[in-house]
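Descriptive structure summary
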Amino acid sequence: MEKKVSRIGVLTSGGDSPGMNAAIRAVVRTGIYYGLDVFGVMRGYQGLIEDDIHKLESRSVANIIQRGGTILKTARSKMFLKPEGRKIAYENLKKHGIDGLVIIGGDGSFRGAVAFSKEFDIPCIGLAGTIDKDIMGTDFTIGFDTAVNTAVEAIDKIRDTADAHDRLFIIEVMGRDAGYIALHSGIATGAENILIPERKTNIEDLLSSLLEKQKRQKLVNLIVVAEGDEFGGADEVAKLVKERMPQIETRVCILGHIQRGGAPTCLDRLTASRMGYHAVECLINGRHNVFVGILNNKMNYVPLENVGKRKGTVSDEWMKIVKILAS
Ligand code: ADP
């Protein structure tokens, strides 16, 4: 029979995402509701190694559900990649009597959790905190909705100035391996072209569509590019366009880190609250070393070692919609 947990830790690791605070709050308050002691670990796995671990009370997470970033800070830890580092982390957890961990992060953080849970008898639960939405086994990740709404708001503003000057704007959004932010924000802002890592772009088609639109005086042109597209981001796409079509006035705008910040949307707060609650339920009910996702509005629990990046799953339907609606 599984050992009962009584003292749990929560940490945020890897890239930050809006809504992590809402998830921390849910873990802390659900844990306390069930009579557990809850500890916050600062700066992800690095804080485990440095024993930067603090008991949290219900009040410790007051007034944070609406805040971006993470009150626990986040970090990347080189030491945790090594067995010696993970051993120190384990000893520190034992020192505090912590017997369960909730890890809010991306696929890298989950790989860390798998390595750790294989070596030591501390059950780990993973929650997807990433703006890229590129994790298998879940329809939502904490932060994606906020990031994509931030991108939409910014692109709407760019459209106004593009319209005033009849310019082509090439806008880069985040997404090194996944094009979901580009796809969703591009469709929602009426972009003519969306370039994503999951799909090859026929540059000749793109250029001839620009030419054709210029001929019929379709004056506002927006191209949304994921930073990890095959050409290497917006600057590279702009170079290609300028080389071949110098007559078109082109501007590049890279949205960058504004996409990671800001108050989480309602959806991200709900997702984070629901996942945080279920993470604690998993620890209590002996459903250990799993990732907590939501699929078709139901909780979906996947063994952490089977969780990886979701790749190449942008549907043909969406790509067709982009093409039709941009005409
Ligand atoms: P993300 O969680 O956002 O994908 P990273 O890939 O940077 O971010 O991973 C976060 C941290 O997880 C790393 O800094 C490292 O400490 C830990 N980690 C990642 N992969 C492993 C691994 N294979 N073994 C142990 N720890 C890992």
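Given the structure is predicted, the values throughout are model-derived calculations rather than measurements.

Throughout the structure, instances matching the rule amount to six aromatic pairs. Between the aromatic rings of Tyr33 and Tyr34, the centroid separation amounts to 4.9 Å while the plane-to-plane angle is 80°, which identifies the pairing as edge-to-face. Judged by relative accessible area, which is 35%, Tyr34 ranks as partly exposed. Aromatic pair Phe80 and Phe116: ring centres 5.8 Å apart, planes at 40°, arrangement tilted. With Phe80 in the loop between strand 3 (53–56) and helix 3 (83–95) and Phe116 in helix 4 (residues 107–119), the pair connects residues that are 36 residues apart, well separated along the chain.

The next point concerns the environment of Tyr301. Tracing the chain through its elements places Tyr301 in strand 11 (residues 298–303). Here Tyr301 falls in the partly exposed class, since its relative accessible area comes to 24%. Distance from Tyr301 to Ser208, taken between C-alpha atoms, is 46 Å for residues 93 residues apart in sequence. Once you skip the residues sitting within four places of it in the chain, Tyr301 turns out to touch His278, Cys282, Arg287, Val290, Phe291 and Val292. Polar side-chain contacts of Tyr301 include one of 3.2 Å to the side chain of His278.

Taken as a whole, the protein is organised into domain 1 (7–143 + 264–306) and domain 2 (145–260). Spacing between the C-alpha centres of domain 1 and domain 2 amounts to 35 Å. Opposite the 13 residues of domain 1 that make contact, domain 2 presents twelve residues. For the domain 1 face of the interface with domain 2, the top three residues by lost area are Ile131, Asp132 and Lys133, together amounting to 43%.

Reading guide: rules and limits
- Residues numbered from 1 in each chain as written.
- Predicted model: local features only at pLDDT ≥ 70, side-chain atom pairs only at ≥ 80, totals over all residues.
- Heavy atoms only, no water.
- Phe/Tyr/Trp six-rings, centres within 6.5 Å; stacked < 30°, edge-to-face > 60°.
- Buried < 20%, exposed > 50% of the residue type's maximum accessible area, 1.4 Å probe, protein only.
- Helix = DSSP H or I, 4+ residues; strand = E, 2+ residues; numbered from the N terminus.
- Contact = heavy atoms within 4.5 Å.
- Polar contact = N/O pair within 3.5 Å; in protein donor to acceptor, adjacent residues only side chain to side chain.
- Domains from an automatic or database assignment.
- Buried area = accessible area lost by both parts, 1.4 Å probe.

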